[in-house]
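Chain by chain, the residues:
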2 protein chains.
Amino acid sequence: MAEHECVRLVPIFSELGSEQLDTIESIVRHHHYPAGSTLFGADDPLDSLMIVANGQVKVYQLAANGREQLLYLLQTGDIDGEAALFENQRRTSFGEALVPTDVCSIRRSDFQDLMQKYPSISINVLNVFGKRLSQLERQTTSTATESVEARLANYITETAAALKTDTFKLPLKKKDLATFLGTTPESISRKLALFERQGLITQKPGKVIEINDADQLLLTE
Amino acid sequence: MAEHECVRLVPIFSELGSEQLDTIESIVRHHHYPAGSTLFGADDPLDSLMIVANGQVKVYQLAANGREQLLYLLQTGDIDGEAALFENQRRTSFGEALVPTDVCSIRRSDFQDLMQKYPSISINVLNVFGKRLSQLERQTTSTATESVEARLANYITETAAALKTDTFKLPLKKKDLATFLGTTPESISRKLALFERQGLITQKPGKVIEINDADQLLLTE
DNA sequence: ATCAGAACTTGACGGCCGTCAAGAAATTCA
DNA sequence: TGAATTTCTTGACGGCCGTCAAGTTCTGAT
């Protein structure tokens, strides 16, 4: 892995010059996790900011009743760790590598120093947090007020829109998708079968979905 | 209303000196809203950071199906406006004054200048956002995976814990509480009656609730 | 204090969807 | 490639809870 790879790839450091990136690189720690492993505790304490240098990470939260909820699917370049930024914040979520994943971490105190020194970093982090807040607000509203059918229809059209294609492969297993949408794998199977019967989508082998009628899909209640 | 009242009362400006607060005060705009009015559009554009100087504000979001979801209940000193901080962010939520409320607002560009000049502000805002993110993560998980009964029990114990008392008045009408918890007023009535029958709480006139068995309440599934 | 309107409670009913189970399909690993 | 394991699908069933309705209590304005 080339040096600087990780810090140069993260949007939150985008305004910084080469020397400043070198400084940051010197305080960053590198880690590698095989697919399926848990990024948590171990040699990576909870009070660090994590940067996904390469790979994919699922971020879960555990509910009181033992169920888990998929909160985020982090991609290369994404960061995680609200917990890294403040004291007295108990982390209740945990990450799991979906594929072999490289991660860089910066300790809380180091990162706070950086933010003091380079205000642009804080502002960039604020942007990230703001987007995440908006996303979570929509997700909360959605799971609280809409049917499973509507949530799934919405997820499909949003994913297609993000990928700018009508035919795409679901990036998650049904079980993960279920915990993300606040439902069960069985319900997802059923609803997809329903959409297909209605002619709204076509299911192909390998979790591939083709959208036939995006407009009608969005009208699903 | 005394000058400086609003900027001096907000935690995000807590590290600043008196002169700096004067500077900020000069770019702040003051507003007053009677109880029940909507803080939105009108003379207050969407691209401002809002500070609740005095009063209470409900922040709602509208779902695709027309239902509304109560996201936050802002108190004096709280801020709102992720939307204020980035471009290209469509606001989907709206605020409503619960009681007569004073609000100060700072325009996005002004606030961004402030953050560049005084890094402590960004860091304080990050703290606020981080807490809000954590709260929303828990709320999402809760509405997605737990029963109405468990969510209500949890809300009651949390509210009591926050107020450090076992007897307290519900701060919201049942309808608002319902949209906050992702349920209906009828279900809340029923579940409270159930808790009372189980001896876990006692309901008194005026939306006052007394908790008799907090431990058992938390075990509700 | 009185009264109108809002908020709340309670019952009956029905549908959505979660659970359990069993068989089919797909993926992984040797 | 072939077998073992995981994932997925489909059916049957039941319970939670949302909806509608009607009666009651609460609240606030005159």
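The structure under discussion appears in the preceding block.
Below, the structure is looked at part by part.

Scoring rules and cut-offs
- Residues numbered from 1 in each chain as written.
- Chains lettered and ligands numbered in written order.
- Predicted model: local features only at pLDDT ≥ 70, side-chain atom pairs only at ≥ 80, totals over all residues.
- Heavy atoms only, no water.
- Phe/Tyr/Trp six-rings, centres within 6.5 Å; stacked < 30°, edge-to-face > 60°.
- Helix = DSSP H or I, 4+ residues; strand = E, 2+ residues; numbered from the N terminus.
- Lys NZ or Arg CZ within 6 Å of the ring centre and 35° of its normal.
- Near = heavy atom within 4 Å.
- Polar contact = N/O pair within 3.5 Å; in protein donor to acceptor, adjacent residues only side chain to side chain.
- Nonpolar A, V, L, I, M, F, W, Y, C, P; charged D, E, K, R; others polar.
- Contact = heavy atoms within 4.5 Å.
- Buried area = accessible area lost by both parts, 1.4 Å probe.
- Salt bridge = Lys/Arg side-chain N within 4 Å of Asp/Glu carboxyl O.
- Pairing = 2+ DSSP bridges.
- Axes fitted to C-alpha atoms, helices over the stretch in contact; angles between N-to-C directions.

Attention shifts here to the packing of aromatic side chains. The description of two aromatic rings rests on the distance between their centres and on the angle between their planes. Residue and element names in this part refer to chain A. Under the defined criterion, the tally for this structure stands at four aromatic pairs over all chains. When the centroid spacing of 5.6 Å and the interplanar angle of 20° are considered together, the rings of Y60 and F94 count as stacked. Placement of Y60 in strand β4 (residues 57-62) and of F94 in strand β7 (residues 93-97) is noted, with a sequence separation of 34 residues between them. Positioned over the ring face of Y72 is R132, at 4.7 Å from the centre of the ring.

A word on the protein's contact with DNA strand D. As a structural note, the neighbourhood of DNA strand D is formed by 19 residues, with A:S189, B:R67, B:T183, B:S187 and B:R190 the closest of them. Taking B:R67, its side chain carries an N or O atom lying 2.8 Å from a phosphate oxygen of DNA strand D. B:S187 has a polar side-chain atom sitting 2.8 Å from a phosphate oxygen of DNA strand D. Those elements that provide at least two residues to the surface near DNA strand D are α6 (174-181) and α7 (185-197) of chain A together with α7 (185-197) of chain B. For the surface near DNA strand D, the class distribution of residues is two nonpolar, seven polar and ten charged.

Our focus in this paragraph is the interface of chain A and chain B. Between chain A and chain B, the residue contacts involve 38 residues of the former and 39 residues of the latter. Both sides together, the interface formed by chain A and chain B hides about 3,700 Å², and carbon and sulfur atoms give 63% of it. Broken down residue by residue, the surface that chain A buries against chain B is led by A:L126, A:L133 and A:E137, which jointly contribute 17%. Along the contact surface separating chain A from chain B lie zero salt bridges. The interface formed by chain A and chain B includes twelve residue pairs in polar contact (both at pLDDT 80 or more).

Next up on the list: the sheet that holds strand β4 (residues 57-62) of chain B. Across the sheet, four strands lie side by side as β2-β7-β4-β5 (chain B); this open sheet has antiparallel pairing. What marks the edges here is a single partner per strand, and that holds for β2 (38-39) and β5 (68-74) of chain B. Of the pairings in the sheet, the one linking β2(B) to strand β7 (residues 93-97) of chain B comprises two bridges and is antiparallel in character. The residue bridging B:T38 from the neighbouring strand is B:E96, located in β7(B). Running at roughly 130° to β5(B), helix α4 (residues 119-145) of chain A makes contact with β4 and β5 of chain B of the sheet.

Glancing now at the protein's contact with DNA strand C. Surrounding DNA strand C, one finds 20 residues, the nearest of these being A:R67, A:T183, A:S187, A:R190 and B:S189. If you look at DNA strand C and keep only atoms within 4 Å of the protein, 68% of those are sugar or phosphate atoms. Between a base oxygen of DNA strand C and a side-chain N or O atom of A:R190, the distance comes to 2.7 Å. Taking B:K174, its side chain carries an N or O atom lying 3.0 Å from a phosphate oxygen of DNA strand C. Each residue belonging to the surface near DNA strand C can be placed in one class, and the counts come to two nonpolar, eight polar and ten charged.

Moving on, we come to the sheet that holds strand β11 (residues 208-211) of chain A. All names here are of chain A. An order of β9-β11-β10 is seen for the three strands of this open sheet, with the pairing classed as antiparallel. Sheet topology places β9 (167-169) and β10 (201-204) at the edges, where each strand pairs with a single neighbour. Between one strand axis and the next, the sheet turns by 20° as a mean value, whatever way the strands run. Direction of pairing for β9 relative to β11: antiparallel, over a ladder of three bridges. If you follow F168 over to β11, its bridge partner there is I209. Sitting on the sheet, helix α5 (residues 148-163) is in contact with β9 and β11, with an inclination near 100° to β9. Here α7 sits on the sheet and contacts β10 and β11; the angle it forms with β10, its principal contact strand, is near 120°.

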